[in-house]
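Chain by chain, the residues run as shown.
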Amino acid sequence: MIFTILLCVIVALFLIFFGKKLKGSISYLLTLLPLSLFVYFTTFIGKIAQGEVPVQLFEWVPSMGIHLSFRMDGLALLFSLLITGIGTLVYLYTSYYLKGHTYLDRFYGYLSIFMGAMLGLVLSDSIMGLFIFWELTSISSFFLIGFNNHDKASRTSALQALAITGFGGLFLLGAAILFGFIGSTYSIQELIHSGIDFTESPYYVVLLVFIFIAAFTKSAQFPFHFWLPGAMKAPTPVSTYLHSATMVKAGIYLLLRFTPLLGNHEFWNTTLFTVGAITMLYAAFHTLFRTDLKGILAYSTISVLGILVFLIGIGTSTALHAALVFIVVHALYKAALFLITGILDHETGTRNVTKLSGLKSVMMPVAIAGLLAMLSNAGMLPSFGFVGKDLIYEATLQSSEAVLFTVFAVVTNILLLYAGYQVGIKPFIGTLPENFTSVHLPDKRLWMPPLLLGVLGMLFGLFPSILDNALFQPSLNELAPDSFVSPLKLWHGFTFVLLLSIVTIALGLLLVFVLQPSAVKELKLKKVDFLAPKTLIRGFANGFQKTASLWTNFFQNGYLRNYILTIILFLSFLIGYYLIHNVTFSLDFNSLLDLTIYEVSTLLIMVVAVFYAIFTKSRLAAVAAMGVVGYAICMIFVFYSAPDLAMTQFTIDTLTVILFVLVLYRLPKYLTLSDFKTRVRDGFIAVLFGSLITILSIEVLQVSHAGETKQFYAENSYVLAKGKNIVNVILVDFRGLDTMVEITVLVIAALGVFGLLKLRIRNK
Amino acid sequence: MKTIILRTASTYLLPLLLLFSVFILLRGHYLPGGGFIGGLIASIAFILHGSANGQENTKTLLRIHPGFLMPVGLTVAFFSGIAGMVLEGKEFMTGIWFKDPLPVIGMIGTPLFFDIGVYLVVVGVTLTIIMTISESS
């Protein structure tokens, strides 16, 4: 299984780095990648149906229990087939849609890496693996959404999508760590079979919140939904792929995957059906106000995602069954509608629904595809959508709040029918405007995929048991073991559910005739934009940025003296706080008697030099005085038999003085730049800091933690490292790695100085 | 500071100081000294020569830009680290030694080469920084 992911990544890397040489010449051949993977995945259908579950495990960080483990069960297979199946059509479609685009190969590269990440996401058994692929889908979708990178709106949308989904990804990581902490494994299967009841865990609510935020951001649930309409700035194949079958379904997949672990609890169910219901109604209502075809589709996608979350929230086996079926139903018709939108945009140059009409006469196959997709979308007989909608109603009728939930579902479906009609039928009927008379049927690589999807939507509707036995029942077995749901059927006879379906379709069609999309309505909606989550969250983001820049400007104000002041004050505060709370002072004057004449005279020299450095009027003299202090310290090292330190101090001090002189020599004459008050303040801070450091150094000598280490080095430096100079042995052997890094830092510093002073950017 | 005395002295001092720095470098494992101090002494030697005879003369004397010593030093240090891995399959930075000491130099082992790397890096870094600053100002 891992090879499928690797194959995608290898192809992607090849295309991104070397693709330019191909000049798009083999783009349609790339369709073979998803196609062959699709064929490969179909070979699993038989095994899965018989209850086999192939697994693959690669150790990655065994010490932390992190593995790359892959597991092919019904749910994974369902999603893999969707990803590669829709992927095949999208690849084929793109080869014509973006034909001649300069970066076509790069586009395929991004698409492949995205597909690989999606496959990894659904195949991973390890939550850590899941998280990594989850983030990889966010990152690769960033490149896909921002593919038209010369367009500012496109870049903003890409960033927005990345910010929202990346934000959710962090919570997934939190959940992964928490799961690992509670269950001491990252494998989802092991967690399920560990016997731990996570709903009883004290961390249950935290886990729920983490998983929910991850899923809601990815699957565009209210109030995180706004990145999805924004992402419509992407080329249409991307929208098709991301929003029908892959990216946004990842959140749904996550919820399904964790149903056995976290589901069947009041919190889980209530949150999910509440958020799902709000999302599906809110987004479905929004479709009424859009005139851009892709805008309509974006909001109807959000609405469908809401339905799915809602169904998972109901949580009965019928509801889960309905969710699984509806995932496929939606993938088929939504991909078709997106592809059709792409064709319309490509051929007529507009996606405005009020301008498009009568195109049936010039592009019949596309119109047929639109009709088929619309039938499935509206849930009319004999489409697969009908089966899906039936199951949804069945699930809501069996739920605890039967009446309320059924009304929600019916209203949403009525509105979705309206949305499907606007895209699937409206552009093709009526009279053909004169400016569209030159429009012609595009290449079959464009119209074949949506037509195929439409036909499949009908085929699965007529024979729903094909998919049910192969995919849905095994998937359901994973989610809710030992549950029984009746097999899928197209015709259930004249039941209450059928009545609801008829009501839905009738009211939906009525709505279509009563309400026409218009630009006026879209403008009206704009007036309440200030209440939309998008505006609120953007406001929050802006506020965040403003606070950050205020904060930065306060501390990073560009004055070196202020930086040093901040650092020293902060350190003084920390050290002072520690010293006051933990240290008692006592002075022992007797120990002063041990002082020798050398020490006293060195100390005197230092004191004199310090005062000279402070009060002198010459900069060079101050530097020289500082040098004297340094040499005096050097002498003290000699008295206390630290020759290595003394030598280093001596050479360093010499070099420091040289450096100071070099820099200061060129400065203007010594001027009094600070007033008396500032100098008193600085003096006070300097004395305070100096005293604190002194007390701290004395304190360090009192608590001798270093005893053991010192002894270790003393005993082993010759035995293990064949050296008698312990200081040197520590530097080059025991702590050699530290030295290695330190000299690297030195080199970086030197390069920095060199770069700053020598490589000035020339003004043009 | 172009005095005759200093200029004359520095001509003799340079080789002496360099020799001294190598001496400090080599004795480091047993007695006070080592690559870091050795490197600093060598840089001081060059800087002294530079301030007496002018930066340009020192540069011609060096032939290469001192900056080139930095990657060389880093490479030497790094390879002394992996020598143990390659030759004896031990962990990174494990010291390995020749059995018998060499006359004058003493025991030869990877820590010595590591120290030589440090020496080169220190000379490179110090000279690069000081020469750059003194040239630009």
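Just so it is clear, the structure is predicted and the values come from calculations on it, not from any experiment. (Residues numbered from 1 in each chain as written. Chains lettered and ligands numbered in written order. Predicted model: local features only at pLDDT ≥ 70, side-chain atom pairs only at ≥ 80, totals over all residues. Heavy atoms only, no water.)

Each helix and strand in chain A was counted, giving 31 helices and 2 strands. Its C-alpha atoms give chain A principal-axis dimensions of about 110 × 65 × 50 Å. Across the 764 residues that make up chain A, the buried fraction comes to 51%. A fraction of 78% describes how many contacts in chain A between residues 6 or more apart in sequence connect residues 24 or more apart. When the accessible area of chain A is evaluated, it comes to approximately 37000 Å², of which 70% is carbon and sulfur surface. (Helix = DSSP H or I, 4+ residues; strand = E, 2+ residues; numbered from the N terminus. Buried < 20%, exposed > 50% of the residue type's maximum accessible area, 1.4 Å probe, protein only. Contact = heavy atoms within 4.5 Å. Areas by Shrake-Rupley, 256 points an atom, 1.4 Å probe, with all protein chains shown as cover.)

A few words on the overall build of chain B. The helix and strand tally for chain B stands at 5 helices and 0 strands. Secondary structure elements in chain B, listed N-terminal to C-terminal, are α-α-α-α-α. Seen along its three principal axes, the alpha-carbon backbone of chain B occupies a region of about 55 × 30 × 20 Å. Relative to its 137 residues, chain B shows a buried fraction of 51%. For chain B, the share of sequence-separated contacts (at least 6 apart) that also reach a separation of at least 24 residues comes to 65%. Accessible surface computed for chain B: about 6800 Å², of which carbon and sulfur atoms make up 74%.

Residues and elements named next belong to chain B. Cross-referencing UniProt, the feature "transmembrane region" (unreviewed entry) maps to residues 12-30, 36-54, 66-87 and 107-133 in the present numbering. Measuring from the first to the last C-alpha atom of residues 36-54 gives 26 Å, for a span that is 95% helix and 0% strand. For the annotated span residues 66-87, helix accounts for 86% and strand for 0% of the residues, and the straight-line distance between the end C-alpha atoms is 32 Å. (UniProt positions renumbered as here; feature names shortened; annotations may be inferred.)

The next subject is the interface of chain A and chain B. Facing the 38 residues of chain A at the interface are 40 residues of chain B. For the pair chain A and chain B, the summed buried surface comes to about 3500 Å²; carbon and sulfur atoms form 79% of the total. Counting every contact that joins chain A to chain B gives 1 salt bridge. With a closest N to O distance of 2.3 Å, B:Glu135 and A:Lys758 form a salt bridge. Run the count over chain A and chain B and you get 8 residue pairs in polar contact (both at pLDDT 80 or more). Of the residues in the side of chain A that touches chain B, the class split is 23 nonpolar, 9 polar and 6 charged. (Buried area = accessible area lost by both parts, 1.4 Å probe. Salt bridge = Lys/Arg side-chain N within 4 Å of Asp/Glu carboxyl O. Polar contact = N/O pair within 3.5 Å; in protein donor to acceptor, adjacent residues only side chain to side chain. Nonpolar A, V, L, I, M, F, W, Y, C, P; charged D, E, K, R; others polar.)

So, about the packing of aromatic side chains. All names here are of chain A. In the structure shown here, the tally under the stated rule is 37 aromatic pairs over all chains. Ring centres of Phe 70 and Phe 133 lie 6.4 Å apart, and the angle between their planes is 50 degrees; on these two criteria the pair is classed as tilted. Here Phe 70, found in strand S2 (residues 66-71), pairs with Phe 133, found in helix H6 (residues 127-145); they are 63 residues apart in sequence, far enough to count as distant. Judged by its relative accessible area of 11%, Phe 133 is buried. (Phe/Tyr/Trp six-rings, centres within 6.5 Å; stacked < 30°, edge-to-face > 60°.)

This part takes up the UniProt feature "domain: Na+/H+ antiporter MnhB subunit-related protein" (unreviewed entry) in chain B. In the numbering used here, UniProt assigns the feature "domain: Na+/H+ antiporter MnhB subunit-related protein" (unreviewed entry) to residues 5-128 of chain B. In residues 5-128 of chain B, helix accounts for 72% and strand for 0%; the two terminal C-alpha atoms are 27 Å from one another.

With that settled, consider the pattern of salt bridges. Evaluated as defined, the whole model comprises 10 salt bridges over all chains. A:Arg351 serves as the salt-bridge partner of A:Asp345, at 3.3 Å between the closest nitrogen and oxygen. A:Asp345 gets classed as buried once you look at its relative accessible area, which sits at 19%. Across the pair B:Glu135 and B:Lys59 runs a salt bridge, and its minimum N-O distance is 2.8 Å.

This part is about helix H26 (residues 619-639) of chain A. Residue and element names in this part refer to chain A. Over its 21 residues, H26 extends 31 Å from the first C-alpha to the last, a length consistent with the 30 Å expected when each residue adds 1.5 Å. Those residues of H26 that sit buried are Ala 621, Ala 622, Val 623, Ala 625, Gly 627, Val 629, Gly 630, Ala 632 and Cys 634. Here the buried face of H26 lies against helix H25 (597-615) and helix H27 (643-664). The distance from a side-chain oxygen at the start of H26 to the backbone nitrogen of Leu 620 is 3.3 Å, and the residue carrying that oxygen is Ser 618. Remark: Ser 641 follows H26 within two positions and exhibits a positive phi of approximately 45 degrees. (Expected span 1.5 Å × (residues − 1).)

All names here are of chain A. Within the fold, Gln 221 resides in the loop between helix H9 (204-218) and helix H10 (227-230). Within the structure, the side chain of Gln 221 is placed 3.2 Å from the backbone oxygen of Ser 219, a separation counted as a polar contact. At a separation of 3.5 Å, a polar atom in the side chain of Gln 221 contacts the main-chain carbonyl oxygen of Leu 305. Contact partners of Gln 221, with chain neighbours within four places excluded, come to Phe 216, Val 275, Gly 276, Thr 279, Ile 302, Leu 305, Gly 306 and Val 309.

The next point concerns helix H4 (residues 74-97) of chain A. Taking 1.5 Å as the rise per residue, H4(A) with 24 residues should run 34 Å; its terminal C-alpha atoms sit 34 Å apart, in good agreement. Buried residues dominate H4(A), accounting for 22 of its 24 residues.

The UniProt record annotates "domain: NADH:quinone oxidoreductase/Mrp antiporter transmembrane" (unreviewed entry) at residues 124-410 of chain A. Annotation note: span residues 124-410 of chain A, helix share 75%, strand share 0%, distance between end C-alpha atoms 36 Å.

Time to look at the domain arrangement of chain A. All names here are of chain A. Domains assigned within chain A are domain 1 (1-262), domain 2 (265-522) and domain 3 (560-725). Distance from the C-alpha centre of domain 1 to the C-alpha centre of domain 2: 23 Å. Domain 1 puts 54 residues into the contact, and the matching count from domain 2 is 48 residues. Summing both sides of the interface, domain 1 and domain 2 together bury roughly 4600 Å²; the carbon and sulfur share of this comes to 79%. In this assembly, domain 1 and domain 2 are joined by 1 salt bridge. Between Glu 478 and Arg 71 there is a salt bridge, and its shortest N-O distance comes to 3.5 Å. Counting across the interface, domain 1 meets domain 2 through 14 residue pairs in polar contact (both at pLDDT 80 or more). (Domains from an automatic or database assignment.)

All names here are of chain A. For Val 423, the location among the structural elements is in helix H18 (residues 402-424). For Val 423, a relative accessible area of 0% translates into the label buried. A C-alpha to C-alpha distance of 13 Å links Val 423 and Pro 450, two positions 27 residues apart in sequence. With sequence-adjacent residues up to four places away left out, Val 423 is seen in contact with Leu 293, Ile 296, Leu 297, Leu 337, Ile 340, Thr 341 and Phe 428.

Moving on, we get to the pairing of strand S1 (residues 55-61) of chain A. In this structure, S1(A) lies alongside S2(A), joined through 6 bridges in antiparallel fashion. Note on S2(A): the bridge partner recorded for A:Val55 is A:Arg71. (Pairing = 2+ DSSP bridges.)

Most of the time, phi is negative for any residue but glycine, and the peptide bond is trans. Along the chain, A:Phe222 connects to A:Pro223 via a cis peptide bond; the corresponding omega equals 0 degrees. Examined against the element boundaries, A:Pro223 turns out to sit in the loop between H9 and H10. A positive phi angle, near 70 degrees, is found at B:Arg63, a position not held by glycine. As for its placement among the helices and strands, B:Arg63 is situated in the loop between helix H3 (55-62) and helix H4 (69-88). On the basis of relative accessibility, which here comes to 78%, the residue B:Arg63 falls in the exposed class.

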